[in-house]
Amino acid sequence: MKEQLRQAIKTALQQCYDNGSLSSGEIPQEIQLEVPKNPDHGDFASNLAMTMAKAERKAPRQIATALVAALQDNPLCAEIEIAGPGFINFRLAPSCWYGVLDQVMRDGDQYGRSQVGSGTSIQVEFVSANPTGPLHIGHGRGAVVGDAVAAVLQAAGFEVQREYYVNDAGNQVKTLGRSILMRLRELQGETIEFPEDGYQAEYVRELAAKLRREKGELHDLSEEAAIELCARFGVAEVLDWIATDLKAFGIHFDNWYSEKSLYDRHLVDAELVKLKEKGLSFEQDDALWLRTTEYGDDKDRVLIKSDGSYTYFASDVAYHMEKFERGFDRVIDVWGADHHGYIPRMKAMLAGLGHPPEDLEVLLIQMVNLLRDGQPVIMGKRSGNFITLREVIDEVGSDACRFFFLMRRCDSQLDFDLELAKQQSTDNPVYYVQYAHARVCSINRNASAAGIPRPQTETVDFSRLELAEELALVRQLARFEELIVGAALNYEPHRVVFYLQDLAAQFHSYYNRQRVLVDDPATTQARLYLVNCVRIVLANALRLLGVSAPEQM
RNA sequence: GCGCCAGUAGCUCAGUUGGAUAGAGCAACGGACUUCUAAUCCGUAGGCCGAGGGUUCGAAUCCUUCCUGGCGCGCCA
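About the criteria used
Residues numbered from 1 in each chain as written. Chains lettered and ligands numbered in written order. Predicted model: local features only at pLDDT ≥ 70, side-chain atom pairs only at ≥ 80, totals over all residues. Heavy atoms only, no water. Phe/Tyr/Trp six-rings, centres within 6.5 Å; stacked < 30°, edge-to-face > 60°. Helix = DSSP H or I, 4+ residues; strand = E, 2+ residues; numbered from the N terminus. Buried < 20%, exposed > 50% of the residue type's maximum accessible area, 1.4 Å probe, protein only. Core = buried A, V, L, I, M, F, W, Y, C linked by side-chain atoms within 4.5 Å. Contact = heavy atoms within 4.5 Å. Near = heavy atom within 4 Å. Polar contact = N/O pair within 3.5 Å; in protein donor to acceptor, adjacent residues only side chain to side chain. Pairing = 2+ DSSP bridges. Axes fitted to C-alpha atoms, helices over the stretch in contact; angles between N-to-C directions. Expected span 1.5 Å × (residues − 1). 1 Å grid on protein atoms, 1.4 Å probe; cavity = no way out; pocket = protein on both sides within 12 Å on 5 of 7 lines; lining within 4 Å. Points joined across faces, edges and corners; volume = space filled by probe spheres on them. Nonpolar A, V, L, I, M, F, W, Y, C, P; charged D, E, K, R; others polar. Domains from an automatic or database assignment. Salt bridge = Lys/Arg side-chain N within 4 Å of Asp/Glu carboxyl O.

Quick look at the packing of aromatic side chains now. In this structure the tally under the stated criterion is 19 aromatic pairs. On the basis of an interplanar angle of 40° and a centroid distance of 4.6 Å, the ring pair of F126 and F253 is categorised as tilted. On the criterion of sequence distance, the pair formed by F126 in the loop between strand 4 (121–125) and helix 5 (137–155) and F253 in the loop between helix 8 (223–248) and strand 6 (255–258) is long-range, its members being 127 residues apart. This pair shows no difference in class: F126 is buried, exactly as F253 is. Between the aromatic rings of Y165 and Y319, the centroid separation amounts to 3.8 Å while the plane-to-plane angle is 10°, which identifies the pairing as stacked. Here Y165, found in strand 5 (residues 159–166), pairs with Y319, found in helix 11 (residues 312–325); they are 154 residues apart in sequence, far enough to count as distant. When sorted by exposure, Y165 lands in the same class as Y319, which is buried.

Moving on: the nonpolar core. Judged by nonpolar contacts, the single largest core of 152 residues is most densely connected at F90, L153 and F416. Considering every element that reaches this core, the biggest residue donor is helix 20 (residues 521–545), with 14 residues. In contact with L153, other than residues within four places in its own chain, are I122, V124, F158, V160, I332, A488 and Y491. Listed in part, the 28 residues of the second largest apolar core include L280, L303, F328 and M346.

As a matter of local geometry, RNA strand B sits amid 60 residues, with Y342, Y435, N446, N490 and R515 nearest to it. Backbone atoms, meaning sugar plus phosphate, form 62% of the atoms of RNA strand B positioned within 4 Å of the protein. With respect to RNA strand B, the side chain of K37 contributes an N or O atom lying 2.9 Å from a phosphate oxygen. One of the backbone nitrogen or oxygen atoms of Y511 is found 2.9 Å away from a base nitrogen of RNA strand B. Elements with a contribution of two residues or more to the surface near RNA strand B: strand 3 (87–92), strand 8 (287–290), helix 16 (429–449) and helix 19 (494–513).

A separate point is the pairing of strand 2 (residues 77–83). Of the pairings in the sheet, the one linking strand 2 to strand 3 comprises six bridges and is antiparallel in character. Within strand 3, the position partnered with I80 by the bridge is F90.

Moving on: the sheet that holds strand 14 (residues 414–417). Taken in spatial order, the three strands make up an open sheet running 13-12-14, and their pairing is mixed. Edge positions in the open sheet fall to strand 13 (375–376) and strand 14, since each of these has one partner strand only. In this sheet, strand 13 lies alongside strand 12 (residues 368–372) in antiparallel orientation, the contact comprising two bridges. Within the sheet, the bridge partner assigned to R372 lies in strand 13 and is Q375. Lying over the sheet, helix 14 (residues 398–405) contacts strand 12 and strand 14, oriented at roughly 160° with respect to strand 14.

In this model helix 6 (residues 171–187) runs 24 Å from its N-terminal to its C-terminal C-alpha over 17 residues, within 8% of the 24 Å that 1.5 Å per residue would give. Buried residues along helix 6 sit in contact with helix 7 (202–215) and helix 8. Directly beyond the C-terminal end of helix 6, a positive phi value near 90° is found at G189.

Moving on to the layout of surface pockets. Within this model, the second largest pocket holds a volume of roughly 730 Å³. Every residue lining the second largest pocket is counted, 27 residues in all, and those nearest its centre are F44, R475, A478, R479 and E482. Breaking the lining of the second largest pocket down by element, the ones donating at least two residues are helix 1 (2–19), helix 4 (94–107), helix 17 (468–478) and helix 18 (480–489). Of the residues contributing to the lining of the second largest pocket, the split by class is 12 nonpolar, six polar and nine charged. Here the lining of the second largest pocket spans two domains, since at least three of its residues come from each of domain 1 (2–92) and domain 3 (427–545).

Our focus in this paragraph is the pattern of salt bridges. One pass over the structure, following the stated rule, counts 37 salt bridges. Among the ionic pairs, R205 bridges to E202, the shortest N-O distance being 3.4 Å. With R205 and E202 both in helix 7 and three residues apart, the pair spans about one turn of that helix. The partly exposed category is assigned to E202, whose relative accessible area is 47%.

In structure tokens form, the structure reads like this:
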């Protein structure tokens, strides 16, 4: 719809140049058209005349007048007016809008998809929590945002891969192994001294007990080998929990990528060699450093420690280079905001190795404050009394949980109130949106019970949809594709949430004011058609968020 | 001290990439169920967009200096 109007404006501009009413001869490649907040300002408004004022050396209103004259006869526009300092307000003919309904119905669950990202492949890496303990609430937010960003990108035509990076090499895994082994010995009646930096939480005891059942007591192994075995066992078990919890949350990964495999394939060393060849790394104090300050970082970073072990950063270098070698045009990392200090070194590393740093986009997910009835829920990872993601999902449900996580921009902190999310009431926006969907389904049930046929595109008389609120609904439906594109290009899935709330509100209001099933069959058919288009768009938007669209509530 | 994020109605937050009179939900107050689900709707009230300065036809949005809150600033992950 917008595109059609944009084309019409370009044609009109050319016409103005041809007949001499405008003189600069330039057609701006971008013509801004926006949906005005105030409906009195028409369906679309353009500031074109104002932006052209300089090149044209004329007053904006004068330019606008010339343009409007050229557009006057266009069948697309029912009404054009010049307002304020030089805005051009367009009101489109209702018949144009009816075409949107056809398209919604024809495209069905594909409605809203576009091809703007076609030909570009993007990897979204998210969650990637260390496999040393269950997911907590903060991981949950990252999980949902990453998943929704991926979904929105896909809907905009990008080719998307969802990946989980498994940190199964390095210190924290060893720590898990040691912790399990200690708990195992404890189970065997030994008095132990639990390591200072060990994982204290209860689940470590569970892991130890399970290991004991499956693998025995490990008496015949050296300390080193026993820790290794415990670590392997623990990582496998914990990854299994994580996968199960994510599945319960409706999240699926295309790929689980092992950090350890980077070492096994010697990719880390290979990458370090490249860095050395490029003169980007240097040795100092028995350690190997990357000169990230060369590319804007505020200090250089260690790759290999003086004891010979690798830093997390070293494998990250290899991992991210390998991502690009796999052919992704763009790579998105979803991190907790507390890791934001790592961005400069990652970008520096990419720049050093010849990749434009913009090809890596890091989404920072701000903290989640867990509340119950407005009171903060105290969580201490050390003490082990933290609330897991699984507990939250089990308590409030996946739909509410996901919706709440997506209700805010990801770079602002989120208060997550368990009682509010659980409430099946007016206060809970999830149900508000889902209820709108269920209401349309209910109307459909009533219609078929009354023997009213399902409306067919060929026979519906759209001119029965003449109320302002009906046209407003159609305009809202027409906006959907553009909304998805905006959400995708900006990595802002929360836009979909706000769109849903707006659309649901418009629908509820309409529902309360007007009956769909009325005496007049033609009106009934037209309205049924309209509300079913609303249903389709609600369902499509909810699907992007991974929230269900119930037919009955 | 340096860096990142935030600061918009009593509370929680949007604000279409610089547009017209700054919006929604909750809370408050007043209304609507013999009519397709009241998990809904309609109305009233609520604002120095943290503060100052700058950029221009035009700023919540951009630049700058402060103030406040959160998070970072390891040869931890």
